[in-house]
Amino acid sequence: MTKFRFITPHRIGKWYNDLHLAQRFASAIGAGFLDTRSGRFVAYPGTRLEMAGPSQLER
C-alpha cells in the first residue's frame, strides 16, 4: 500500500493511506490550500509530495 505525506521547508506531515486525506491535513501544516468545493489541492511554493511503498516504510 502506498502512503503519502507533504513536506514543507519547515515541517513534515504524517504518513496517510489516502492522498485526499494527506491533502486535507497538509493545509493544516501550511503546505497548501484545499478547495473543499472542487476538491482541488494547490501546494504552496517549496512544498513537495512524498510517496512510499511498504518496503520503504519498514526502514
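This one's a predicted model, so the numbers in the text were calculated from it and none came from an experiment.

What counts as what
Residues numbered from 1 in each chain as written. Predicted model: local features only at pLDDT ≥ 70, side-chain atom pairs only at ≥ 80, totals over all residues. Heavy atoms only, no water. Phe/Tyr/Trp six-rings, centres within 6.5 Å; stacked < 30°, edge-to-face > 60°. Helix = DSSP H or I, 4+ residues; strand = E, 2+ residues; numbered from the N terminus. Buried < 20%, exposed > 50% of the residue type's maximum accessible area, 1.4 Å probe, protein only. pLDDT = per-residue confidence, 0-100. Salt bridge = Lys/Arg side-chain N within 4 Å of Asp/Glu carboxyl O.

Hey, could you run me through the packing of aromatic side chains in this one?
Any pair of aromatic rings gets described here by the distance separating the centres and the angle formed by the planes. Counting across every chain of the model gives two aromatic pairs. Pairing Phe 6 with Phe 41 gives two aromatic rings, centres 4.9 Å apart and planes at 45°, and the pair type is tilted. Remark: Phe 41 occurs in strand 3 (residues 41-43) and Phe 6 occurs in strand 1 (residues 3-7); sequence separation between them is 35 residues. Geometrically, the ring pair formed by Tyr 16 and Phe 25 is stacked, given 5.2 Å between the ring centres and 5° between the ring planes. In this structure Tyr 16 comes out as buried when scored by relative accessible area, which is 17%.

It is not clear to me how the confidence of the model for the protein should be interpreted in this structure. Could you clarify?
In low-pLDDT regions, the fine details of the predicted coordinates are not to be read closely. Residues with a pLDDT of 70 or more make up 93% of the protein, whose mean pLDDT is 89. Mean pLDDT per element in the protein: helix 2 (residues 54-57) is the minimum at 69, and strand 1 is the maximum at 95.

Would you mind showing me how to read the pattern of salt bridges here?
Close approach of charged atoms allows side chains of opposite charge to pair. This model, assessed by the stated rule, comprises two salt bridges. Residue Glu 50 pairs with Arg 5 through a salt bridge whose shortest N-O separation is 2.6 Å. Of the two residues, Glu 50 is situated in strand 4 (residues 48-52) and Arg 5 in strand 1; the sequence distance between them amounts to 45 residues. Among the residues examined, Arg 5 registers a relative accessible area of 18% and is labelled buried. Between Arg 48 and Glu 50 there is a salt bridge; the shortest N-O distance is 3.7 Å. Overall, Glu 50 belongs to the partly exposed group, its relative accessible area being 21%. Beyond isolated ion pairs, a larger network of salt bridges with shared partners links Arg 5, Arg 48 and Glu 50.

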